[in-house]
Amino acid sequence: ESIKTMSIIESLIYTGEIGIVVDSKTKMGGELLTGRFTASTSTNGLLRFDGILSGPINKKKGLYFSTGAYFNYDPTNVNAPGRYFIDQKQILQFSLSKRWLTSNLDFIYRYSRCDDNIDNGYSVAPFVYNGDGSITEFEGFKIGHDCYMPEDDEVTWRDIVSGEMKSSRLGKMDKRYLHDLSLKYSSITANDWDLRASYHLCLMTPSQYTRIVLSSIHKDGEKFVQNRLVTVEDQKTFDNEFLLEVRKRFSRHNLRLGLDIIYAKQYDAGSTFNFAHTVAANP
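**Q** Tell me about the pattern of salt bridges, and name the residues and values.
**A** Enumeration over the complete set of coordinates arrives at 11 salt bridges. Here Glu-1 ties to Lys-27 by a salt bridge, and the two come within 3.8 Å at their closest N and O atoms. Placement of Glu-1 in the segment before strand 1 (2-6) and of Lys-27 in the loop between strand 2 (21-25) and strand 3 (34-41) is noted, with a sequence separation of 26 residues between them. The exposure class of Lys-27 is buried, given its relative accessible area of 19%. Ionic pairing is found between Asp-87 and Lys-89, a salt bridge with its closest N-O pair at 3.1 Å. Judged by relative accessible area, which is 15%, Asp-87 ranks as buried. Residues joined by salt bridges that share partners form a network here, namely Glu-10, Glu-245, Arg-247 and Arg-256.

**Q** For a nonpolar patch on the surface, give the residues involved together with the corresponding values.
**A** A contiguous nonpolar surface patch, about 620 Å² in accessible area, is contributed by Ile-8, Ile-9, Leu-12, Ile-13, Ile-18 and Ile-20. Note that Ile-20 resides in the loop between helix 1 (8-15) and strand 2. The exposed category is assigned to Ile-20, whose relative accessible area is 62%.

**Q** Lay out the state of the cysteines in plain terms, naming residues and giving numbers.
**A** Considering all chains together, one arrives at zero disulfides under this definition. Here Cys-114 stays unpaired: no disulfide links it, and the sulfur of Cys-202, its closest cysteine neighbor, is 10 Å away. Owing to a relative accessible area of 14%, Cys-202 belongs among the buried residues under this scheme.

**Q** So what's going on with the nonpolar core? Which residues, and what values?
**A** If you look at the biggest cluster of nonpolar residues, it comprises 15 residues, and the most contacted ones within it are Tyr-122, Val-155, Leu-170, Val-230 and Phe-273. At the level of elements, strand 10 (154-158), strand 14 (223-249) and strand 15 (254-278) are the ones that each hand at least two residues to this core. Among all residues touching Val-155, those that are not within four sequence positions of it are Lys-166, Ser-167, Ser-168, Leu-170, Met-173, Phe-273 and Phe-275. Membership of the second largest hydrophobic core comes to five residues, among which are Ala-125, Phe-138, Phe-141 and Val-279.

Rules used in this analysis
Residues numbered from 1 in each chain as written. Predicted model: local features only at pLDDT ≥ 70, side-chain atom pairs only at ≥ 80, totals over all residues. Heavy atoms only, no water. Salt bridge = Lys/Arg side-chain N within 4 Å of Asp/Glu carboxyl O. Helix = DSSP H or I, 4+ residues; strand = E, 2+ residues; numbered from the N terminus. Buried < 20%, exposed > 50% of the residue type's maximum accessible area, 1.4 Å probe, protein only. Patch = residues over 30% accessible without salt bridge, like charges linked within 9 Å, V, L, I, M, F, W, Y side chains within 5 Å. Areas by Shrake-Rupley, 256 points an atom, 1.4 Å probe, with all protein chains shown as cover. Disulfide = S-S within 2.5 Å. Core = buried A, V, L, I, M, F, W, Y, C linked by side-chain atoms within 4.5 Å. Contact = heavy atoms within 4.5 Å.

In C-alpha cells:
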C-alpha cells in the first residue's frame, strides 16, 4: 500500500530507538477488484515475481480480501558452483477485512520461507591493496563475479546440544520458516477519539542459519589457504506483541496514550567449527 519513513518521534514510540525507520503497510481489500503484478529476470538467471490481488467478498456485509505473493530466485553475479540461487525467498500472504461505518477489523496471515545467504562469502573476493587507496585483482580473481566458496562444501560438525556428529553441505543449510499472524482493530468514536488495538504473533518453526566469517589466510606450500569460522545456528521463535492506543487531536495539541505488551521466547544454539579452502576463483 505504501512505503515511507517514520518521524524520529514515531520510531522512538514504536521501537524504543532514536533513528530513521522505514514503515510499510499492506494493501487491504477495497471496493474494486484490483491487481498488481510484476515479473523480472536478468541475463544472469534472476527469476522474480511480485503480485497482489484484492477486492470485495460481500460489500453489503463489509467483507474484503487481499492475497499476495513474492518469489525471488537470484544467483547474484557470482554463479556459485555449489549453490545456484544465493538469494532465495518465497512469501505468501492472505488478509480478510471486516468494515463497519466507523470501525475496521483486519486479519493478516503471512508465510515466509528464506533460503538466502547473501553475506557469507559467496560475493566477497580477495584483492591486493596497493597502499594508496587503489587495489588490483588477486591472480585474476574477478571481484564481484568469481565465487569464493568451493563447490565441495560438505562439512561435518558436532551439535552443541545433542553432542552428535552431523554432516551436510553449507549451500543447503540455510532454511528458515516463519508464520506471521496479525489482528488489527481501529475505531473512531462520536467525539473523534481514535481507538486502535493490534496483536502480532511471529512463529519461526525449527530453522537453521549458517554464519560464515573470514578469519585468516596462510600459505601452504605454493598455495594460499583461506580459513573460515562457521557457526551453524539452530533457531526457533515464539514472539507475541499486543498494542493498545488511544489518540485525540485537539486544536493545538495531539494526545496519545498507549500500552505495549511483548512476550518473546527465542531459541538459538550455535555450533561452531573451522572450514578451509584454497584462495582461488571457484576454489
